[in-house]
Amino acid sequence: MSAPPLPEVFGNYAIKGISEVIPPEAISWLPAAPAWRVLGVVALVFLLWRVFKRVQQWWHNRYRREACRQLSRLDTDHGAPLQAIANVLKATALAARPRAEIAQVSGGAWVEWLNAEVPDTFSKQSAEMLASTQYRKAAPEPEQLETLRSECLQWIAQHRDGRRA
């Protein structure tokens, strides 16, 4: 079965002779003025530059994150050796500064250098522990080691990275 044929006159008889309304073309989302396009490109370049600098900063600070991770893994409750804390601190300083500036410094001069980098970070007791790390006979108390570790974490977070200008 097929559909019946359509009549010659089809549609609404009251609006005979009126053409169908044609909708306008879609409006572009791109700005029409060239200055807005230039501003958009400049804003995009600025945004990409900021992202690049942020990634670069994240990459340069990876040694800080690793040092914090190593210090956090040390167990001060069960007598983590003082030497391990001092080694992490020295390795962090070596990553941030030229080897010639750091490698030969030890004892009281080492603690003075650390305090010169980030003033008032280490307490007197922690400074004495760091200065006499290799010559200590008795292991410090866990509370003392925990205090030293928290001060080392503070120093790692706040010291200036001398490799970058």
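Check the entry above for the structure.
We now turn to the structure provided with this report. (Residues numbered from 1 in each chain as written. Predicted model: local features only at pLDDT ≥ 70, side-chain atom pairs only at ≥ 80, totals over all residues. Heavy atoms only, no water.)

## Considering unusual backbone geometry
Using the following cut-off: Think of it this way: any DSSP run of H or I at least four residues long counts as a helix, any run of E at least two long counts as a strand, and we number them from the N terminus. Whether a residue is buried, partly exposed or exposed follows from its accessible area with a 1.4 Å probe, protein chains only, as a fraction of its type maximum: under 20%, in between, or over 50%, in that order.
The backbone phi angle of D120 is positive, close to 60°, even though this residue is not glycine. Turning to its location among the elements, D120 is positioned in the loop between helix 5 (107-117) and helix 6 (124-131). Residue D120 is classed as exposed on the basis of its relative accessible area, which comes to 75%.

## Looking at the side chain of S126
As a reminder of what qualifies: Two residues qualify as a contact provided that any one of their heavy atoms is within 4.5 Å of a heavy atom in the partner residue.
Take S126: it is sitting in helix 6. For S126, the residues in contact, after removing those within four places along its chain, are T147, L148 and E151.

## Digging into the nonpolar core
The test is simple: Working definition of a nonpolar core: buried Ala, Val, Leu, Ile, Met, Phe, Trp, Tyr and Cys residues. They are joined through side-chain atoms within 4.5 Å.
With 25 residues, the main nonpolar core has L89 and W155 as its most contacted residues. At the level of elements, helix 2 (62-73), helix 3 (82-96), helix 5, helix 6 and helix 7 (142-158) are the ones that each hand at least two residues to this core. If one sorts the elements of this core by residue count, helix 3 sits on top with six residues. Leave out the neighbours within four places in its chain, and W155 touches L89, T92, A93, W113, L114, E117, V118, T121 and F122.

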